[in-house]
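Structural overview
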Amino acid sequence: MVAALEIVHLHKMFGALKATDDLNLDVVEGELHAVIGPNGAGKTTLISQLSGQAAATSGEIRFFGENIARLSMPQRVRRGIVRSFQITSLCREFSALTNVALAVQARAGHSFRFLRNAQNDSRFTGPAMNALDQVGLAHRADVEAGHLAHGEQRQLELAIALAAEPKLLLLDEPMAGMGADESHRVVDLLRELKRRYTIVLVEHDMDAVFALADRISVLVYGHCIATGTPEEIRRDPAVRNAYLGEDAADAGSP
Amino acid sequence: MLKKLLSLPIKHRLLILAGVAPLALLLAFAPFVFEVLEQPFYLRVASRILVFALAASSLNLVLGFGGMVSLGHAAFVGIGSYVVAILAWHASNEVPLSLGPFVIAGTTDGLVAWPVAILAAMLSACIIGAISLRTSGLYFIMITLAFAQMIYYYAVSLQQYGGDDGMRMRGRSILPGLDLSNRTTFYYFALASLALCLIFLFCLARSRFGLVISGIRQNETRMRALGIEPYPYQLTCFTISGAIAGFAGVLMVNLDSFVSPADLSMARSSELIAMILIGGVGSLWGPLLGAGFYILGQLGLGTLTTYWPLFFGPALIVIVLFARRGLVGLFVPGRS
Ligand SMILES: Nc1ncnc2c1ncn2[C@@H]1O[C@H](COP(=O)(O)OP(=O)(O)O)[C@@H](O)[C@H]1O
Ligand SMILES: [Mg+2]
């Protein structure tokens, strides 16, 4: 078992607020590691620090052994760390297809190409179409992102992350705002993607989390109070106390 | 573009044709039309519109397309003009021009002076961009303005070259096989330059580079999350824009045979911004329509009253408020 990600004594302060408080966490290569916790526990803040969007106050983030805590977001993306956003972040004037194709283009090297039409370059639109197909949005490829329904924008957000072909995929509540059908589709998709990518999944839908995760970490006030298999987490008394109601603890059990 | 046009409803297609066709015909045959009407003055106005459209297009590239609100863009236009005029001055006065350790002869040869002028504008844009793009938002706006003011006062201080009063060129630049002093030739040269520039910008917008620049304007965080560092792309865009602005300056000084600090003043920068706002921010044809409207409007009101800015200002505000996408929005239907 190789540790894809090792988070060591990670701290993040917003003024006096400890959004991440001495967090230690390992993510094994190929696993789907879910991060759960109540609102305001610091899950999004953690994803932001892992992706490089926000700088950690102190601590280390090792990606396959290399400390990446001081690298910029683009540098981390080039190493294969890609995030999706809890609050959809799209280029609203571009079509769904162009949004995804840009991810493919960015992966393909620099973009200092000034004349050739990139919008019908099949090297980019081909894989982009695949990614849209995977999330079930292929039929809306030509629609401007800003005109997609909220649930569709969530699907697009996921397609963009997939098209970047990450080694480590950081998903911040990908199902939030989706309808039941779309959520099911994403759960199926994540199950399919599971072994191919290392995934950190922040999600509120406990059914999905317990169905998908290899391991789960529970965050409370920026601190990790437990890590374990779904079975272990369900039984953990500290977790029951701090966060999971009896309902949620029963979720996913046969 | 054609595909897009054909996908529009018939009514809109006709509307576009009705608007664009007469304009295109007028642009193509302006010299003959004004010849027949015995109004050579208006050919000069038409040339002026083309040259300003080129300058406004360069600003539109960074401001409308790239979302970088540069308030001092006239500086790059003015640098292009000044370089051509200064080289010509040294040629006609037969005084060598000393630049620190280098001493060069002046020239009126367009093949020499123009590339030097464009390079100078480009280099200035690169340096100013490199510094100001480190900041963003209001700071960026203020820094571009501060640099432009510096260049303006520098131009004012150039006593040898007329200082405040500016300097006159004895004749237009010499190009092989083209007599720019002929006003019809000059007009077509400006028209071809603008057309080439618009074709370039059209291709640029759809290229990999263009998608990245537009993406940065729409959502910078998203682009970073795709692994794209905005700075080098924005700087390149700014530099390209500086080169086009410099070229517009080259044509401008040739059109007027005159350049003064007013040509790189803040007032001129605001005029360019006004043209873009009138024509349609970020659209390919906006700068041309805006330049046409602005210059003709100024001319028309100017013959009626010396207080024309009093009427022109409010007219601008009305256009910006009620036709948010500018004049282009009247021809091209909005997104549904
Ligand atoms: N940019 C910020 N500035 C100040 N406080 C923030 C910022 N981002 C998040 N916080 C605070 O940090 C805590 C964790 O937030 P967040 O990571 O969004 O939680 P979660 O995603 O688990 O709901 C919250 O108390 C939130 O108010
Ligand atoms: Mg969150």
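Before reading on, note that the structure itself is shown above.
In this text, all values refer to a predicted model and were calculated from it rather than measured experimentally.

Residue and element names in this part refer to chain A. The strand order across the open sheet formed by six strands is β6-β7-β8-β3-β9-β10, and the pairing between neighbours is mixed. The open sheet has two edge strands with one neighbour each: β6 (81-83) and β10 (223-228). Across the sheet, the mean angle separating the axes of adjacent strands is 15° when strand polarity is ignored. Bridge count for β6 against strand β7 (residues 168-172) is three bridges, and the pairing is parallel. Among the inter-strand pairings, R83 is bridged to a residue of β7, identified as L170. The strands touched by helix α1 (residues 43-51) are β3 (32-36), β6, β7, β8 (198-202) and β9 (215-220); relative to β6, the strand with the most contacts, the crossing angle is about 145°.

Moving on to the site of ligand 1. Residue and element names in this part refer to chain A. Ligand 1 sits among F14, L17, A19, P38, N39, G40, A41, G42, K43, T44 and T45. With respect to ligand 1, the backbone of G40 contributes an N or O atom lying 2.8 Å from an oxygen atom. Within the backbone of K43, one N or O atom sits 2.8 Å away from an oxygen atom of ligand 1. Protein burial of ligand 1: of its 560 Å² of free accessible surface, 57% is covered by the chains. Counting residues per element, the ones that place at least two in the shell around ligand 1 are β2 (17-28) and α1. Broken down by element, the residue count for the shell around ligand 1 peaks at three residues, all from α1. Along the lines of polarity and charge, the residues of the shell around ligand 1 split into five nonpolar, five polar and one charged.

All names here are of chain A. Pairing geometry for strand β1 (residues 3-14) and strand β4 (residues 58-63), over five bridges, is antiparallel. Bridging across to β4, L5 finds its partner in F63. Sheet topology places β4 next to strand β5 (residues 66-67); two bridges connect them, and they run antiparallel. Bridge assignment links F63 to a residue of β5, and that residue is E66.

All names here are of chain A. Within the open sheet, the four strands sit side by side as β2-β1-β4-β5. Their pairing is antiparallel. Since the sheet does not close on itself, it has two edges, and those belong to β2 and β5, each with one partner. The strands that α1 touches are β1, β2 and β4; relative to β1, the one it contacts most, it runs at about 115°.

Attention shifts here to the environment of E173(A). Residue and element names in this part refer to chain A. Structurally, E173 can be placed in the loop between β7 and α6 (180-193). You can call E173 buried: its relative accessible area is 5%. Remark: the alpha-carbon pair of E173 and K43, spanning 130 residues in sequence, is separated by 9.6 Å. Once you skip the residues sitting within four places of it in the chain, E173 turns out to touch K43, Q86, R154, V202, E203 and H204. A distance of 3.4 Å separates a polar atom in the side chain of E173 from a polar atom in the side chain of H204.

A word on the pattern of salt bridges. Throughout the structure, instances matching the rule amount to 22 salt bridges over all chains. For E220(B), the salt bridge is made with R224(B), and the minimal N-O distance between the two is 3.0 Å. One end of the pair is E220(B) and the other is R224(B), both in helix α9 (residues 220-225) and four residues apart, which spans about a single turn. R224(B) is paired through a salt bridge with E229(B); the nearest N and O atoms lie 2.9 Å apart. One network of salt bridges, in which partners are shared, links E6(A), E60(A) and R62(A).

The subject of this paragraph is the coordination of the magnesium ion (ligand 2). Residue and element names in this part refer to chain A. Protein coordination at the magnesium ion (ligand 2): the donors are T44 (OG1) and Q86 (OE1), at 2.0 to 2.2 Å from the metal. With a gap of 42 residues between them, T44 in helix α1 and Q86 in the loop between β6 and α3 (96-107) connect regions that are remote in the sequence. For T44, a relative accessible area of 31% puts it in the partly exposed group.

Rules and cut-offs
Residues numbered from 1 in each chain as written. Chains lettered and ligands numbered in written order. Predicted model: local features only at pLDDT ≥ 70, side-chain atom pairs only at ≥ 80, totals over all residues. Heavy atoms only, no water. Pairing = 2+ DSSP bridges. Helix = DSSP H or I, 4+ residues; strand = E, 2+ residues; numbered from the N terminus. Axes fitted to C-alpha atoms, helices over the stretch in contact; angles between N-to-C directions. Contact = heavy atoms within 4.5 Å. Near = heavy atom within 4 Å. Polar contact = N/O pair within 3.5 Å; in protein donor to acceptor, adjacent residues only side chain to side chain. Areas by Shrake-Rupley, 256 points an atom, 1.4 Å probe, with all protein chains shown as cover. Nonpolar A, V, L, I, M, F, W, Y, C, P; charged D, E, K, R; others polar. Buried < 20%, exposed > 50% of the residue type's maximum accessible area, 1.4 Å probe, protein only. Salt bridge = Lys/Arg side-chain N within 4 Å of Asp/Glu carboxyl O. Donors = N, O, S within 2.8 Å, 3.2 Å for Na, K, Ca; no water.

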